[in-house]
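Single-letter residue listing:
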Amino acid sequence: MSDLEKQRYLDILSTGVFADFGPAQLDSLHAEVSQFIKTHSESLTATTLFSIYELQFYLLLLTNHDVEAKLYLDRFNDQFAGKKSQKIMVLRLMYYEATGDMKAAINALGQDPNELRASRRLATFSRTKSDGSYNAPEYIKSLNYYLDLQPADVVAWAELGDVYSSVGHYDKAVFCFKEVLLHQPTAHNVFYKAGLNLYLQHLQLLALNLDKKDALLEIVGVLEHARDCFLRSVELNEYYTQSWLGVYVLATSPVLDKLAKNRGLMALKRVNQFCTELTKLAKVSQQQIMKLENLTDDSAFKKFLKENGKE
């Protein structure tokens, strides 16, 4: 048995990266794990086997293999019942959710919000109201309650960041994504999300039409933070076009016009250097985007920006 192969599957499970895989990647990984289980299940420890089964269960749900997923639930009950009963309950809930049987899910959940994993599922259920509409305030409340109990759950932090962003609390969203990065410091896509929300926060501040020195310096500080996040993202993955787009729109921010008209601010070394750097970054990011997207002229670049909602 390849220890590297086993560890790869365990890492995929622990980081949850499979949630961002496309259909082809999911099908391929599902086939790989299936073969691994057939070949090595008898040589794995009980804990490792449960984890590999768990990964396969998630992949089956994501690839719409509901019948096979039910078979894995039966395996959990047969081999692991009692030792991981709460975990099995959560997996059962996920199966009910995936198959659309919400009544069975709620009945299986019970009414004890003090159970850690039950709290996580309650947070999931709180996303929508009884009429099916989105319920951001309750979802935020439930996720915060759960994270007070389990602060190392990076998936929950990422969810909370997305919810905060959806309702315009960009500063709180950034905080959540930073929590994710404490545990996953090489997650280039999370650096992008942090940078994007900082950029949106700067637009929010800019909309207040504050031209005072302190207000403009605050905006510069937010943009500096956004710049650092976007640049760290492309440092980790130079082919991540979204972050290069982030660098470009940041480097062409309308706040630069306000700064240029303020002689007092431009006299500050920090501000002058920042504006000069953004001018350079605008050119570099444009060239990189055109290269990655096989664009050959400026008009094609502008069209690309428009299609991506960046212009």
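Criteria and thresholds
Residues numbered from 1 in each chain as written. Predicted model: local features only at pLDDT ≥ 70, side-chain atom pairs only at ≥ 80, totals over all residues. Heavy atoms only, no water. Helix = DSSP H or I, 4+ residues; strand = E, 2+ residues; numbered from the N terminus. Buried < 20%, exposed > 50% of the residue type's maximum accessible area, 1.4 Å probe, protein only. Polar contact = N/O pair within 3.5 Å; in protein donor to acceptor, adjacent residues only side chain to side chain. Core = buried A, V, L, I, M, F, W, Y, C linked by side-chain atoms within 4.5 Å. Contact = heavy atoms within 4.5 Å. Phe/Tyr/Trp six-rings, centres within 6.5 Å; stacked < 30°, edge-to-face > 60°. Lys NZ or Arg CZ within 6 Å of the ring centre and 35° of its normal.

I keep staring at the side chain of Asn197 and nothing clicks. Help me out?
Examined against the element boundaries, Asn197 turns out to sit in helix H11 (residues 188-206). Classification of Asn197 as buried rests on a relative accessible area of 3%. From its side chain, Asn197 meets the backbone oxygen of Lys193 in a polar contact 2.8 Å long.

Teacher, can you tell me more about the nonpolar core here?
Judged by nonpolar contacts, the single largest core of 59 residues is most densely connected at Leu160, Leu250, Leu259, Leu278, Ile289 and Phe301. The leading source of residues in this core is helix H12 (residues 213-236), at ten residues. Contact partners of Leu160, with chain neighbours within four places excluded, come to Ile140, Leu143, Asn144, Leu147 and Cys176. Formed by 28 residues, the second largest nonpolar core is a distinct cluster that contains Ile12, Leu44, Ala69 and Leu73.

Sorry if this is basic, but what is going on with the packing of aromatic side chains here?
Applying the stated criterion across every chain, the model contains seven aromatic pairs. For the pair Tyr53 and Tyr72, a centre-to-centre distance of 5.4 Å together with 85 degrees between the ring planes defines the contact as edge-to-face. Residue Tyr53 is located in helix H3 (residues 46-62), and its partner Tyr72 is located in helix H4 (residues 66-80); the two are separated by 19 residues in the primary sequence. Lying across the ring of Tyr72, Arg75 places its NZ or CZ 4.6 Å from the centre.

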